[in-house]
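# What the coordinates show
One letter stands for each residue in the lines below.
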Amino acid sequence: MPNSKELSNRIGSIRDTMKITNAMYMISSMKLRKAKAKLAGTEPYFDSLVSEISNILLHMPDMEDRYFATLDDERSKEHKKAFIVIIGDKGMAGAYNHNIIKETTKLATQDDRLFVVGEVGRQVLRMEGYNVEPDFNFSANNPTMHRARVIAESIIELYKNGELDEVHVIYTRMINTMSSEVRTEQLLPLKTHTFLKKELIEKTMREQGDKTLEQIEREADDWYLIYPSAKKVLEKLVYNYITGYVYSTLVEGYASEENARMMAMQAATDNAKEMLSELTIQYNRVRQAAITQEITEVIGGAKALRRKQQKNGKQ
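A quick note: this is a predicted structure, and the numbers were derived from the prediction, not measured.

## Describing the overall build of the protein
Summing up its helical and strand segments, the protein has nine helices and five strands in all. For the protein, the succession of helices and strands along the chain, N to C, is α-α-β-α-β-α-β-α-β-β-α-α-α-α. Counting every position in the protein, which comprises 315 residues, the buried fraction comes to 38%. Restricting to contacts in the protein with at least 6 residues of sequence separation, those with at least 24 account for 72%. Total accessible area on the protein stands at roughly 18700 Å², and carbon and sulfur atoms take up 52% of it.

And the structure:
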């Protein structure tokens, strides 16, 4: 059994560690609130972009655009595929980084190009032999719209030049403070049906009275005029949409990471409290045993002294 000094040192070490984990919990909590506020501030703009794209696609269904998938695109099996992987820059966040790496290795082949945001993923995936882009070095910490715009521009440029045919995003979405899930969503090419929501079509038809959807589409050119052209406006909207989408996934990933770190630090603090409780009991027992031993030795010494005095008196 450890002596009292060893137990005392261990208790002091655990208390110091608990101070660190508690401080990290508070920092992650503050960062999480800021990330949520950032995302909430951009949602109205993002929703407006989706609404405008939906209107153009609904009113001009025959228009083709390079950013939207066609039947030939979907049937082709020789797509040059890429993944944008949003992961953390550091650990101590529970299973956050592990879950994203696991999902990436399940979906991506070593021929696919990986654009990794976050230092942890870059190192691990490169060591496992995946095709990680060497010049794509972006931090996952404190995401900004500027960073999302730079990422979107580089991905769109590769897509326009034919270097990429299909782009997916792997990130973590926080469901609530207790749970999150890794999601994989297709970024490019966009799918028309994701914008043509049933509610939007029904709303448009209500506004047009008893007309059918075919009649609305035939008359679209008469009442839905776009300058300089629908195609140019759509491409600009799509560019802004992709930028906003990348930004939202960056913020979602960052918020999920900080939430996972907050939960991990809370668990570490709780475990430290349990260990302190057990060690304090053990320390008190050791102290009690030491005090009992000291008392026993004093009593034994007093008895021996008394016996000696009695013996000398008889002589």
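## Regarding the sheet that holds strand 2 (residues 113–117)
Pairing is mixed across the open sheet formed by five strands, whose spatial order is 3-2-1-4-5. Every interior strand has two partners, whereas the edge strands, strand 3 (131–132) and strand 5 (179–188), have only one. As paired strands, strand 1 (residues 81–86) and strand 4 (residues 166–176) are joined by five bridges and run parallel to one another. Among the inter-strand pairings, Ala-82 is bridged to a residue of strand 4, identified as Val-167. In this fold helix 4 (residues 119–127) packs onto strand 2 and strand 3, with an angle of close to 150° to the strand it touches most, strand 2.

## Observations concerning unusual backbone geometry
At the junction of Leu-188 and Pro-189, the peptide bond is cis and its omega measures out at -10° in the coordinates. Along the polypeptide, Pro-189 turns up in the loop between strand 5 and helix 6 (198–207). With a phi close to 60°, Met-92 is a non-glycine residue in the positive phi region. The exposed category is assigned to Met-92, whose relative accessible area is 52%. With a phi angle near 50°, Asn-142 is a residue other than glycine that sits in the positive phi range. Looking at the secondary structure, you find Asn-142 in the loop between strand 3 and helix 5 (145–160). What makes Asn-142 partly exposed here is its relative accessible area of 39%.

## Description of the packing of aromatic side chains
Aromatic ring pairs are described here by two measures, namely the spacing of the ring centres and the angle between the planes. Considering all chains together, one arrives at three aromatic pairs under this definition. A ring pair is formed by Tyr-241 and Tyr-245, whose centres lie 6.1 Å apart and whose planes are at 40°; its orientation type is tilted. Remark: Tyr-245 and Tyr-241 occur in helix 9 (residues 230–314); sequence separation between them is four residues, near one turn of the helix. By relative accessible area, Tyr-241 is classed as buried at 11%. Put simply, the rings of Phe-115, Phe-136 and Phe-138 touch in pairs and so form one group of aromatic residues.

Rules used throughout
By convention here, each chain's residues receive numbers from 1 onward along its written sequence. Predicted model: local features are reported for residues with pLDDT of at least 70 only, side-chain atom pairs are reported and counted for 80 or more only, and whole-chain, interface and lining totals are derived from all residues. Heavy atoms throughout the structure, all of them, feed into the side-chain values; hydrogens and water do not. Helix and strand assignments follow DSSP, with helices taken as H or I runs no shorter than four residues and strands as E runs no shorter than two, numbered in order from the N terminus. Partly exposed describes any residue whose relative accessible area lies between the buried limit of under 20% and the exposed limit of over 50%, with all areas from a 1.4 Å probe on protein chains only and scaled to the type maximum. Throughout, a residue-residue contact means that at least one pair of heavy atoms, one from each residue, lies within 4.5 Å. Residue burial considers only the protein chains on display, and all accessible areas are found by Shrake-Rupley using a 1.4 Å probe. DSSP bridges decide pairing: two strands pair if at least two such bridges lie between them. Axis geometry follows a simple rule: fit a line to the C-alpha atoms, using only the stretch in contact for helices, then measure angles between N-to-C directions, giving values from 0 to 180 degrees. Stacked, tilted and edge-to-face are the three classes applied to pairs of Phe, Tyr and Trp rings, where Trp contributes its six-membered ring and a pair requires centres within 6.5 Å; stacked means planes under 30 degrees apart, edge-to-face means over 60, and tilted covers the rest.

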